[in-house]
Amino acid sequence: MSCSIVEYLGKSVEQNTHQVQRHYISKDNKLTMSCPFRYGACDKAMKGYKPICSVRDGRGDLWITCEHRLCSTTKNQRHSLTGEIIKDSPLIPYQKNILTEIATEIYGAGVTIDNVKVKREVPVPVEGGSDYKADFVMVNHSSQNAFNIILEMQGGGETTNTGIITQHVTDWEQNQSMYNSDLAINISKAGTLVTNAWRRQQEQFLVKGNVVTQTGGRIVFAVGTLLYDYIYGRIERANLRALQDHGWTLALIAFRENGLNPDLSVKLEIDHERKLYTNYSTFVRTLTDQGAPCPELFYGPYIDITD
């Protein structure tokens, strides 16, 4: 198990063509830094964590470690200069580009983007419990293909042994003679936690998908390639019908990296080789129909609990 850091506060550190600005953050020194992927401050820095946006697993695949990296959904954000809370903060060009790419994929290349609107953090009511929140609700006001969707964003998730990663970053921040590539070296005994991201995603499939399909809408999951491959490996055996042109109700769309943006962040784009459009109900049945009978579970020896 190993990983390496890819982005520090939105900048790639895998080459030395530029020098990333270091920001040492201690528990008593929570710096307010601007997030390049949404309007407002870096959420990790405000909490006293290292501003690491993404890492690379031992095989070299990108794994997003910040919830705001793929496309942030938060409405109320702290201003990076004044520290005040900005309600209903505007979408920045980066977010608009990601949402436009998804809308074009979902509604077709001929869609008029001016007719596509979104809401963020929309309550999804559930009987007998606290409401969930949809990351985005997207509507298409055009007369063609005018269906509505819940859009969930899950680019990646957690890492193991975060203390090791944190210490590695601290050492780099405090040593001004180190280069970007010194931060990007392989870190042993730390890695990606894809299984945790998958467990959280299952609940989204079951609850939000059920609500939106009963309401006449559809559900779309935008995920990183590592999470897509993990999910697909668990449903591949079912040979789900490909329904992109035939009334699908659930879509699973992967985002992959493709070089760098002009601002030196990793460029993300839809991976057109990793897309699944299918029927929501069939997909959920496949999720719940895991495993097979195993009589060996009840074979001995047993422990006598009366002794």
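Above this note sits the structure.
Residues numbered from 1 in each chain as written. Predicted model: local features only at pLDDT ≥ 70, side-chain atom pairs only at ≥ 80, totals over all residues. Heavy atoms only, no water.

Caption draft 1: Quick look at helix α2 (residues 93-107). Compared with the 21 Å implied by 1.5 Å per residue over 15 residues, the 20 Å span of α2 between its first and last C-alpha is a close match. Of all the positions in α2, only Y94, Q95, I98, L99, I102, A103, E105, I106 and Y107 are classed as buried. Check the buried side of α2 and you find it contacts β7 (116-124), β8 (132-140), β9 (149-154), β11 (218-224), β12 (250-260) and β13 (266-278). Just downstream of α2 lies G108, where phi reads positive at about 105°. (Helix = DSSP H or I, 4+ residues; strand = E, 2+ residues; numbered from the N terminus. Expected span 1.5 Å × (residues − 1). Buried < 20%, exposed > 50% of the residue type's maximum accessible area, 1.4 Å probe, protein only. Contact = heavy atoms within 4.5 Å.)

Caption draft 2: Representation of a nonpolar patch on the surface. A surface patch of nonpolar side chains, amounting to about 440 Å² of accessible area, comprises L297, F298 and Y302. Residue F298 is classed as exposed on the basis of its relative accessible area, which comes to 62%. (Patch = residues over 30% accessible without salt bridge, like charges linked within 9 Å, V, L, I, M, F, W, Y side chains within 5 Å. Areas by Shrake-Rupley, 256 points an atom, 1.4 Å probe, with all protein chains shown as cover. Salt bridge = Lys/Arg side-chain N within 4 Å of Asp/Glu carboxyl O.)

Caption draft 3: The arrangement of the sheet that holds β9 in detail. Pairing in this open sheet of six strands is mixed, and the strands run β7-β8-β9-β11-β12-β13 from one edge to the other. Only two strands of the sheet have a single neighbouring strand rather than two, namely β7 and β13. Direction aside, the axes of adjacent strands within the sheet are offset by 30° on average. Across six bridges, β9 lies against β11 in parallel orientation. Its bridge partner being in β11, M153 is matched across the sheet by A222. (Pairing = 2+ DSSP bridges. Axes fitted to C-alpha atoms, helices over the stretch in contact; angles between N-to-C directions.)

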